[in-house]
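An overview of the molecular structure
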Amino acid sequence: MFNSKKGYKKYFFHGSKKIFYKALLERDSSFEGTFIVGVKTTGIFCRPTCSARKPKFENVEFFSSTKEALSKGYRACKICHPMERNGETPEYIHKLLQHLEDNPNIKLKDFDIRNFGIEPIKVRRWFLKNHGITFHMYQRMYRINEAFKKCKEGKNITHIAYDSGFESLSGFNETFKKITGITPKMSKEKQLINLTRLATPLGTMIACASEKGICLLEFSDRKMLERELQLISKRFNTSIVPSENSLFKQLKQQLDSYFEGTLKEFTVPLDWVGSDFQKEVWKVLLQIPYGKTSTYAIQAKRIGKPSSVRAVANANGMNMISILVPCHRVIGSDGSLTGYGGGLWRKKKLLELEAKGSLQLKLF
């Protein structure tokens, strides 16, 4: 579709002002990473999703990066913080999460949070915005996840309950079942799916992991995300809980290296959720080299079904492990970008990254 970055930029920024302005008015998160808006009357530049009062159409101009806005004399907005990586977890949240990781059985109350020099309402708002739950609910889920692991190891349930900070066995059993969908005694035969959020230069991603591997990695604004989470929950017949998994640390390290341009092949284990045909198509995706592209027709030939181009394209669209399983490397036979669940702008940036070697300086 676009033969060069220059051509893409010309197309996007010389014919899309009205589209961008509409996205600004609607605070459309799907445009995060696409543009930065400069407000002429204030000298401030913002993200597309900024909650500040909206300027008039004639008082804005659009840029492809924060660097471009800065070079024009604009200052960063103090409301939407466009210089920060979109979706990045703030340091005060890192501090609390690290304390929970070091002390998994404790229960942090508002008094304890204030002792960290942090206002509880600030923490509550961040968790509601980014996880849809309060910090106290997150703590309960975290403790239950730790208790789940101990139950699977065959440890005494009564001891687990009181060690997890619960004042009664009945309260522990009730919370355990509410979160996991099963009783503590049944947990030996079950597993939980762990969920976390990861900040990347292209926006926040949601990751899920089973005991075997990563089963989901998607951008948080993907329209099919809720449906995908339901499929995973149904496939494993279990609950998805925001909690830690040893694979998440490996995943984050590899994603960071990938976006810095120093990693070309992921080694974190995968646990695909899909039909046999879909898995066959996804395995072919893994064969597309870093920095190269393929087409749906070529994919179909590689699985020995050259007439199944449409089915192959559909299977690509059902891939739930973005980037690691590189469906972004598949383009149309005419060279067009075609579709991408994370948005065509992200697909183009991923291909640019793999062609040039780094997105480190392109944080919006």
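This one's a predicted model, so the numbers in the text were calculated from it and none came from an experiment. (Residues numbered from 1 in each chain as written. Predicted model: local features only at pLDDT ≥ 70, side-chain atom pairs only at ≥ 80, totals over all residues. Heavy atoms only, no water.)

1. As for the overall build of the protein
We count it as follows: Note on conventions: DSSP H or I runs of at least 4 residues are helices, E runs of at least 2 residues are strands, and numbering of each starts at the N terminus. Atoms considered for the radius of gyration are the C-alpha atoms alone. The globule rule reads 2.2 Å times the number of residues to the power 0.38. Burial here depends on accessible area, computed with a 1.4 Å probe over protein chains only, as a share of the maximum for the residue type. Under 20% is buried, over 50% is exposed, and the range in between is partly exposed. Should any heavy atoms of two residues lie within 4.5 Å, those residues are considered in contact.
The helix and strand tally for the protein stands at 15 helices and ten strands. A compact globule built from 364 residues would reach a C-alpha radius of gyration of about 21 Å, and the protein, at 23 Å, matches this within 12%. Projecting the C-alpha coordinates of the protein onto the three principal axes gives extents of approximately 65 × 60 × 35 Å. A burial count over the protein gives 47% of its 364 residues as buried. Considering only intrachain contacts with a sequence separation of at least 6, the fraction spanning at least 24 residues in the protein is 61%.

2. What about the sheet that holds strand β5 (residues 193-200)?
Our working rule: When DSSP finds two or more bridges between a pair of strands, those strands are recorded as paired. Axes here mean lines fitted to C-alpha atoms, for a helix over just the part in contact, with angles spanning 0 to 180 degrees between N-to-C directions.
The strand order across the open sheet formed by four strands is β7-β6-β5-β8, and the pairing between neighbours is mixed. Edge positions in the open sheet fall to β7 (214-219) and β8 (240-242), since each of these has one partner strand only. Shown here is a sheet whose adjacent strand axes are inclined to one another by a mean of 30 degrees, direction ignored.

3. Structural notes on the nonpolar core
Basically, it comes down to this: The definition of a nonpolar core used throughout is a set of buried Ala, Val, Leu, Ile, Met, Phe, Trp, Tyr and Cys residues joined through side-chain atoms within 4.5 Å.
If you look at the biggest cluster of nonpolar residues, it comprises 39 residues, and the most contacted ones within it are Leu-217, Leu-251, Leu-255, Tyr-258 and Ile-323. Those elements that place two or more of their residues in this core are β6 (203-209), β7, α11 (246-259), α12 (276-285), α13 (296-302), α14 (309-317) and α15 (344-356). Here this core takes six residues from α11, the largest share from any one element. Sequence-distant contacts of Leu-255, that is, excluding residues within four places in its chain, are made with Leu-198, Leu-217, Phe-266, Ile-323 and Leu-324. Formed by 28 residues, the second largest nonpolar core is a distinct cluster that contains Leu-96, Trp-126, Ala-147 and Ala-161.

4. Description of the sheet that holds strand β4 (residues 75-76)
With mixed pairing, the four strands of this open sheet are ordered in space as β3-β1-β2-β4. The sheet is open, and its two edges are formed by β3 (60-63) and β4, each paired on a single side. Sheet topology note: the strand β1 (residues 36-39)/strand β2 (residues 44-46) ladder contains three bridges and is antiparallel. In the strand pairing of β2, Gly-38 is matched with Phe-45. Contacting β1 and β3, helix α2 (residues 17-26) crosses the sheet at an angle of about 100 degrees to β3.

5. Structural notes on the packing of helix α7 (residues 135-152) against helix α9 (residues 169-180)
We count it as follows: Note that the term roughly parallel is reserved for angles under 35 degrees, roughly antiparallel for angles over 145, roughly perpendicular for angles of 65 to 115, and oblique for everything else. We call Asp, Glu, Lys and Arg charged. Ala, Val, Leu, Ile, Met, Phe, Trp, Tyr, Cys and Pro are nonpolar, and the rest, Gly among them, are polar.
At a minimum axis distance of 10 Å, the contact between α7 and α9 shows a crossing angle of 95 degrees. Compared by their axis directions, α7 and α9 come out roughly perpendicular. Residue-level inspection shows Met-137, Arg-140, Met-141, Ile-144, Ala-147, Phe-148 and Cys-151 of α7 in contact with α9, the latter providing Phe-172, Thr-175, Phe-176, Ile-179 and Thr-180. Residues that form the contact of α7 with α9 fall into these classes: nine nonpolar, two polar and one charged.

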